[in-house]
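# Summary of structural features
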Amino acid sequence: MQPPTIFNPRPRIDRVALDHGGHCFVIDDVLLDAEGLARWLSGQREAFRPVDFNAYPGIYMLPPPVIGQAVQDFFNLHLRGLFDARRLVHMESRFAMVTLPASALRPYQWLCHSDNFNLPPGVSIQASVLYLFGDESLGGTSFYEPAVEAETIASLFADASSMPAAAFSARHGMEPGYMVGSNRWFRQVGSVPARFNRLVVYDGALLHTGDILAPERLSDDPATGRLTFNGFFTCRRNAA
């Protein structure tokens, strides 16, 4: 039996330039039945669990195997060749919702981040986010570059990972909350607005963060919350 076709077999892939010379890719209408998937997920509220394995400020649910395999196949067929990615060696995917109020964030959640932490040489990682919510005001994804020297950024990240919120705020003059737009440490170099059934794919080395513009409206209800499907694709780099 052939598995069901979940992703658009003829996607239109748009390359979006970022101000610092980088880029990401955007695919609209990427699922054949995004409405049906969203309806199914609206009944899975009790299956979501708090994220306890990375800095994501919310809850997650692992996808059924057929969906995980479908996104892996879609990446290999349509996206891997757009990156420095010769062979996929590991893939993770999950449904997720940002849910934490600004007051509950740890300092490292006040900052943009990259997904290539501790990768060995010769390996790259690509990331994707698929918007499955209809309220576009819940926010898309923005990309950043450092606005200060590398040593200052390294110190900032180290303090964010080790200091209590009050001490971090006092040392760096940063108030608790989700990062929105440029600040004294990072310059926003591009943004992709949210749109239902839109997939954004980017090199995991890019600094990025979700645009949480109205944290007071976040919800743990898949029917109304900032529901996304996130993928991470670790690959061998192309041969030199």
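Just so we're clear, the structure is a prediction, and the values are computed from it rather than from any experiment. (Residues numbered from 1 in each chain as written. Predicted model: local features only at pLDDT ≥ 70, side-chain atom pairs only at ≥ 80, totals over all residues. Heavy atoms only, no water.)

All right, on to the packing of aromatic side chains then. Applying the stated criterion across every chain, the model contains nine aromatic pairs. Plain terms: the ring middles of Phe-143 and Tyr-202 are 5.2 Å apart, the flat faces sit at 75° to each other, and that makes the pair edge-to-face. Linking Phe-143 in strand S7 (residues 141-146) with Tyr-202 in strand S9 (residues 198-203), this pair joins segments that are 59 residues apart in sequence. For the pair shown, Phe-143 and Tyr-202 are each scored as buried. (Phe/Tyr/Trp six-rings, centres within 6.5 Å; stacked < 30°, edge-to-face > 60°. Helix = DSSP H or I, 4+ residues; strand = E, 2+ residues; numbered from the N terminus. Buried < 20%, exposed > 50% of the residue type's maximum accessible area, 1.4 Å probe, protein only.)

Below, the discussion takes up the pattern of salt bridges. A complete count under the given rule lists eleven salt bridges for this structure. Notably, a salt bridge pairs Glu-92 with Arg-94, separated by 3.6 Å at the nearest N-O pair. Since its relative accessible area comes to 38%, Glu-92 is described here as partly exposed. Measuring nitrogen to oxygen at the nearest pair gives 2.7 Å for the salt bridge that ties Glu-145 to Arg-187. Residue Glu-145 is found in strand S7, and its partner Arg-187 is found in strand S8 (residues 186-192); the two are separated by 42 residues along the sequence. When its relative accessible area of 38% is taken as the criterion, Arg-187 is described as partly exposed. (Salt bridge = Lys/Arg side-chain N within 4 Å of Asp/Glu carboxyl O.)

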